[in-house]
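Fold and geometry: a report
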Amino acid sequence: MNSQAGITLRGSVQSELELPLSADTENRATSVQVDDASGLSVGDDVQIGFIITDQFIADHGMDGTWVSFNGQWKPFFRRVVTAIDTAADPDVVELDIPLRYPVLTRDQASLRKVSGFIQDCGVEDLALSNAIGYDAAWGFNRAHVLTLDQAKDCWVHNVHSFDSPVGEDDYHSQSGGILVSNSKRVTVLSCRMEKAQHRGSGGNGYLFEVLKSNEVLVKECTAVAGRHNFIQNWDFGTTGCVFLRCTSREGRMLAFSWDFIGLPGYCEYHHSLATANLVDSCTLEDGWVGYNRGDESSGAGHSVTQSVYWNNRGGGTIKSLQYQWGYIIGVNDMNVRTSLIDYNAAGTEPEDWVESSPDGSDLIPESLYEDQLRRRIGPQP
């Protein structure tokens, strides 16, 4: 069961065309420039990315830390072509969603036309468990109950873990819960994952996990007794993801199978510059963290930037030491840590912005995500 799941929905994404960018692209740009866009059509799936160059690493102060992906082209943004202007010089390709970080030709930035996503698929109204003998579960790493990989416009709704009749005690899963990877526009709604057996190192005990994905919405989900209950994980390229009205409690990091005490395990940004994500109106009884993780996890380094914690409650800890800018708004009952004297604050200045009401009054809007949704598509029932 190493790196496998009981149920997997998987596409097979292939690159059909690569077009080098003709000019640098600024943060929040809605278009890119290429010399010849004749091979593209409106509606094409594309990925915009670049090589993790020595210069890119040096810009972020990550020399000797970001070592796992040096020299590799990484897709940071998974987008759709909405318009093409071949009368311009160079050609302009309009995108459905803004880019959320600068993209530089220096790093051999390019647009790749891709196909092969599994799409319009859902998993609903199921109870899932893969728990086995407790000691046996510690013999595997990253055994999830459900994985969506290379998916677009897919969803998971009302899927809960349960106490397996063949497992020991009351555990629900060997290690992982629901994993979304290499995907875009996926919604995980009203799900509940609990009680992982393996909560040791090596990527275990992640109950809701997102990696290398864009525009994933995890809404009104509950996670109990994992290592990191909600987590963004491995590699570059997670942007635009939202965790809305989720609940996390009893996160715990264990060192060995016989360690039943361990250390507090927080939800977290785990790896390599997760960008412009949102934790909104969540109940965090344990907490959520994001900082410069240095050499941990094979050189995670700066794990997060330009992300927001909005109107969260629960009495847990928010530790936010983001690269460049980070925001913690509406945290009246949370333990907030942003101090640049923290031991893992290297390269995260300026200190993240913190704003809370001294009199405990409600934050308006209550949800940043839902306020922006209304602005984009109008009032909803």
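A brief structural summary. (Residues numbered from 1 in each chain as written. Predicted model: local features only at pLDDT ≥ 70, side-chain atom pairs only at ≥ 80, totals over all residues. Heavy atoms only, no water.)

**Quick notes on the overall build of the protein**
Across its full length, the protein holds four helices and 33 strands. Computed over its C-alpha atoms, the radius of gyration of the protein comes to 21 Å, within 12% of the 21 Å expected for a compact globule of 381 residues. Judged by the C-alpha coordinates and their principal axes, the protein covers about 65 × 50 × 45 Å. Out of the 381 residues in the protein, the part that is buried amounts to 55%. Long-range contacts, defined as pairs at least 24 residues apart, comprise 74% of the intrachain contacts of the protein with a sequence gap of at least 6. Of the roughly 15600 Å² of accessible surface on the protein, a fraction of 49% belongs to carbon and sulfur atoms. (Helix = DSSP H or I, 4+ residues; strand = E, 2+ residues; numbered from the N terminus. Rg over C-alpha atoms; globule rule 2.2 N^0.38 Å. Buried < 20%, exposed > 50% of the residue type's maximum accessible area, 1.4 Å probe, protein only. Contact = heavy atoms within 4.5 Å. Areas by Shrake-Rupley, 256 points an atom, 1.4 Å probe, with all protein chains shown as cover.)

**A short note on a negative patch on the surface**
On the surface, a cluster of negative charge is contributed by D135, D163, E168 and D169. Mapped onto the elements, E168 comes out in the loop between β11 (151–161) and β12 (178–181). (Patch = residues over 30% accessible without salt bridge, like charges linked within 9 Å, V, L, I, M, F, W, Y side chains within 5 Å. Salt bridge = Lys/Arg side-chain N within 4 Å of Asp/Glu carboxyl O. Lys, Arg positive; Asp, Glu negative; His and termini not counted. Charge placed at Lys NZ, Arg CZ, Asp CG, Glu CD.)

**Let's talk about the side chain of S303**
Inspection of the secondary structure puts S303 in the loop between α3 (296–299) and β28 (304–305). Here S303 falls in the buried class, since its relative accessible area comes to 0%. Beyond its immediate stretch of four places on either side in the chain, S303 contacts Q232, Y269, H270, H271, S272, L273, A274, G290, Y291 and R293.

**Remarks on the sheet that holds strand β3 (residues 31–34)**
One open sheet holds the six strands; their spatial order is β2-β7-β4-β5-β6-β3, and the pairing between them is antiparallel. If you trace the sheet from one side to the other, it starts and ends with β2 (14–20) and β3, each paired once. Neighbour to neighbour, the strand axes of the sheet diverge by 40° on average, direction disregarded. Summarising the sheet, strand β5 (residues 73–85) and strand β6 (residues 91–95) pair through four bridges and their orientation is antiparallel. Bridging across to β6, V81 finds its partner in L95. (Pairing = 2+ DSSP bridges. Axes fitted to C-alpha atoms, helices over the stretch in contact; angles between N-to-C directions.)

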